[in-house]
Amino acid sequence: MRRVYVAGVGQTPFGTYKGSLEQMLLDAALEAIEGAAVDEFGAIILGAMHPEGFGGEGHLATKLVDYLGLAPMPAIRVENGPATGAAAFHVGVQAVASGHYDSVLVVGGERMSHFDARKTASVLSTLLPGPERAAGMTMPGLAAMLTRRYMEETGLTREQLAQVPVKAHRNGARNRKAHFRKEVTAEDVLASPLVADPLRRMDCAPLSDGAAAVLLTSSSQPVRVAGTGQATDLASYAMRADLLGFEATRHATSVALSRAKKKVSDIDLVETHDAFSVLELVNLEDMGFFERGHAVEALLAGAFEIGGVLPVNPSGGLKARGHPFSATGLAQVAEVYLQLAGKAEGRQVDAATGLAQNIAGFGTSVAVSVLDLG
């Protein structure tokens, strides 16, 4: 297998976009192409979770090739729920590592802000198995159940948990492409409307529009894709042996680190899937950075800050950068790349190895990517 490198990245501003999904994908793709260190690529991998439902558009991979003026270049579409971006990235890595293509462009995006929360919750509920949908389960509802049990078993307080979105917004304020660029206080978090007890609106990632792109190549570059891992779990959360974490995260992280020939202690930077505030803590513990119930101690000590010993979500994470489903995994990878390449304007950290973790469903599928200065 050949080494795979990141040659360039692109991202639209996340937030509310009045134009089309196709235009967002095009803008992100052009930014990655124009800033890349290679001149050509052989295929496009497009990540799109539900463009038919959110915007009535299908067959987007072929349309993107057309808009870029690159026909008859091959293109395929990848879908893996809210982990679609990372899944598309992994397909691109495999395409280059195998020698099938020397370089590929991976693009992902979603336009969601024109849907109200109820409609989006309905779309998201399709990710759950039939019995859970029939019982009225939603993603916020499941996250609230996990949060309540986690608080009871670890002693985490509601006030401590509020520090996760506070940090996210502090970092998002430094990211000119983030959905939210305003700092908030713990009081703001606790005063925001209740979504699913004990989670409040500011514990939940927003409905965002946005697109991101990563150009991958076998030609040697400063930043390398060191390893990837992907795993799944039972579709039903209620049927799992562990209700306080995600086995898929544990397995995917183990595989990615093994392929990268790294240990958890080698990771200098993490972009993790904080769709709900408790997930930042749960994910870090599942990945092996902390024992269960102890990630909050590092959070409160400032370890996860941009200047801390383990910066977590310097982009602002899903909570502040935004969460356009199919763009999220690629935006995470792009942030790790920018950090390692020394190009993270206003939020630069000191890192030689970074990790990105993207979740689909309620921990049903997880993709982990490790990048380093190779």
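In short, a report on the structure. Nothing here was measured: the structure is a model prediction, and the numbers come from that model. (Residues numbered from 1 in each chain as written. Predicted model: local features only at pLDDT ≥ 70, side-chain atom pairs only at ≥ 80, totals over all residues. Heavy atoms only, no water.)

A closer look at the overall build of the protein
To keep things clear, this is the line we draw: Under the scheme used here, helices are H or I runs from DSSP no shorter than 4 residues and strands are E runs no shorter than 2 residues, and both carry numbers assigned from the N terminus. As a reference, a globule follows 2.2 Å times the number of residues to the power 0.38, and the radius of gyration itself is taken over C-alpha atoms. Think of it in three bands: residues with accessible area under 20% of the maximum for their type are buried, residues over 50% are exposed, and the middle band is partly exposed, with areas taken using a 1.4 Å probe on protein chains only.
Summing up its helical and strand segments, the protein has 15 helices and 11 strands in all. Against the compact-globule benchmark of 21 Å for 374 residues, the protein has a radius of gyration of 19 Å, which places it among compact chains. Structurally, the protein occupies a C-alpha span of about 55 × 45 × 40 Å along its principal axes. By the burial criterion, 60% of the 374 residues in the protein qualify as buried.

Points about the layout of surface pockets
To keep things clear, this is the line we draw: Put simply, the grid is 1 Å and covers the protein atoms alone, a cavity is a trapped set of points that fit a 1.4 Å probe, a pocket is an open set with protein on both sides within 12 Å along at least five of seven lines, and lining residues have an atom within 4 Å of a point. Grid points are joined across faces, edges and corners, and a volume is the space filled by probe spheres set on the points. Under the grouping applied here, Gly and all other residues not named as nonpolar or charged are polar, the nonpolar ones being Ala, Val, Leu, Ile, Met, Phe, Trp, Tyr, Cys and Pro and the charged ones Asp, Glu, Lys and Arg.
Within this model, the largest pocket holds a volume of roughly 800 Å³. As for the largest pocket, its lining consists of 35 residues, of which P140, C204, A205, L207 and F276 are closest to the centre. Sorting elements by how many residues they give to the lining of the largest pocket places helix α5 (residues 117-125) first, with 5 residues. Split into classes, the residues belonging to the lining of the largest pocket amount to 25 nonpolar, 7 polar and 3 charged.

Comments concerning the environment of P193
Where we set the bar: By definition, residues are in contact when any of their heavy atoms lie within 4.5 Å.
Within the secondary structure layout, P193 lies in the loop between α10 (186-191) and β5 (194-196). C-alpha separation for the pair P193 and A87, spaced 106 residues apart in sequence, amounts to 33 Å. Setting aside anything within four residues of it in sequence, one finds P193 in contact with R200 and R201.

With respect to the nonpolar core
Rules: To define a nonpolar core, start from buried Ala, Val, Leu, Ile, Met, Phe, Trp, Tyr and Cys residues and group those joined through side-chain atoms within 4.5 Å.
Counting 58 residues, the largest nonpolar core has V270 and L281 as its most contacted members. Breaking this core down by element, the ones donating at least two residues are α5, α7 (139-154), β8 (223-232), α11 (247-260), α12 (277-286), α13 (295-300), β10 (353-360) and β11 (365-373). Per-element accounting of this core gives the leading share, 7 residues, to α7. Excluding residues within four positions of it along the chain, V270 makes contact with L284, M287, F289, L310, P311, V312, N313, P314 and L355.

Here we look at the packing of aromatic side chains
This is how it is decided: The rule is short: rings of Phe, Tyr and Trp, with Trp giving its six-membered ring, pair when the centres are within 6.5 Å, and they are stacked under 30 degrees, edge-to-face over 60, tilted in between.
Applying the stated rule across the entire model yields 3 aromatic pairs. Between F246 and F362, the ring centres sit 5.2 Å apart and the planes meet at 80°, which makes this aromatic pair edge-to-face. You can see F246 sitting in the loop between β8 and α11 and its partner F362 sitting in the loop between β10 and β11, a full 116 residues away along the chain. Take F246 and F362: they sit in the same class, and that class is buried. Taken together, the aromatic side chains of Y237, F246 and F362 make up a single cluster linked through ring pairs.

Notes on the side chain of K177
Worth spelling out the cut-off: Under this definition, polar contacts are N or O atom pairs within 3.5 Å; protein pairs additionally need one hydrogen-donor-capable and one acceptor-capable atom, and for neighbouring residues in sequence, both atoms have to be side-chain atoms.
In this structure, K177 sits in the loop between α9 (163-172) and α10. With relative accessibility at 12%, the residue K177 sits in the buried group. In this structure the side chain of K177 is engaged in a polar contact, spanning 2.5 Å, whose partner is the backbone oxygen of Q11. If we ignore the near neighbours within four places in the chain, the residues touching K177 are Q11, T12, P13, F14, E31 and R321.

Looking at the side chain of H90
Tracing the sequence through the fold places H90 in helix α4 (residues 84-97). Excluding residues within four positions of it along the chain, H90 makes contact with T228, G229, Q230, A367, V368 and S369.

Observations regarding the packing of α4 against helix α15 (residues 325-340)
Here is the rule we go by: Here the axes come from fitting lines to C-alpha atoms, over the contacting stretch only for helices, and the angles between their N-to-C directions go from 0 to 180 degrees. Just so you know how the angles are binned, under 35 degrees is roughly parallel, over 145 roughly antiparallel, 65 to 115 roughly perpendicular, and the rest oblique.
At a minimum axis separation of 5 Å, α4 and α15 run at an interaxial angle of 60°. Judged by the angle between their axes, α4 and α15 are oblique. Contact residues: T84, G85, A86 and F89 in α4; S326, G329, L330 and V333 in α15. Split into classes, the residues belonging to the contact of α4 with α15 amount to 4 nonpolar, 4 polar and no charged.

Quick notes on α15
Stated precisely, the cut-off is as follows: Here, expected helix span is obtained from the residue count minus one, scaled by 1.5 Å.
The terminal C-alpha atoms of α15 lie 24 Å apart, and with 16 residues this matches the ideal 22 Å at 1.5 Å per residue to within 8%. The element α15 is extensively covered by neighbouring structure, given that 16 of its 16 residues are classed as buried. G342 lies just past α15 and shows a positive phi near 75°.

Here's the deal with helix α1 (residues 21-34)
Taking 1.5 Å of rise per residue, 14 residues should cover 20 Å, and α1 covers 20 Å from first to last C-alpha, within 8% of that figure. If you check which residues of α1 are buried, you get L21, E22, M24, L25, L26, A28, A29 and A32. Where the residues of α1 are buried, they touch β1 (4-11), β2 (43-47), α2 (51-55), α3 (60-68), β4 (103-110) and β7 (210-217).

Here we look at the pattern of salt bridges
Should their charged atoms come close, side chains of opposite charge can pair. Just so we agree on the cut-off: A pairing counts as a salt bridge when a side-chain nitrogen of Lys or Arg comes within 4 Å of a carboxyl oxygen of Asp or Glu.
What the rule picks out here adds up to 20 salt bridges. For the salt bridge of D197 with R148, the shortest nitrogen-to-oxygen distance reads 3.1 Å. Of the two residues, D197 is situated in the loop between β5 and β6 (199-200) and R148 in helix α7; the sequence distance between them amounts to 49 residues. Note that E271 is salt-bridged to R321, the shortest N-O span being 3.1 Å.

Observations concerning the packing of α1 against α3
Short version of the rule: Two helices cross in a left-handed way if the nearer one is turned anticlockwise from the farther one by less than a right angle. They cross in a right-handed way if the turn is clockwise.
Two numbers describe how α1 lies on α3: the axes approach to 10 Å, and their chain directions differ by 60°. By the criterion of interaxial angle, the relationship of α1 to α3 is oblique. In the packing of α1 onto α3, the handedness of the crossing is right-handed. Contact residues: α1 offers L21, E22, L25, L26, A29, L30 and I33, while α3 offers L60, L64, Y67 and L68. Tallied by class, residues from the contact of α1 with α3 come to 10 nonpolar, no polar and 1 charged.

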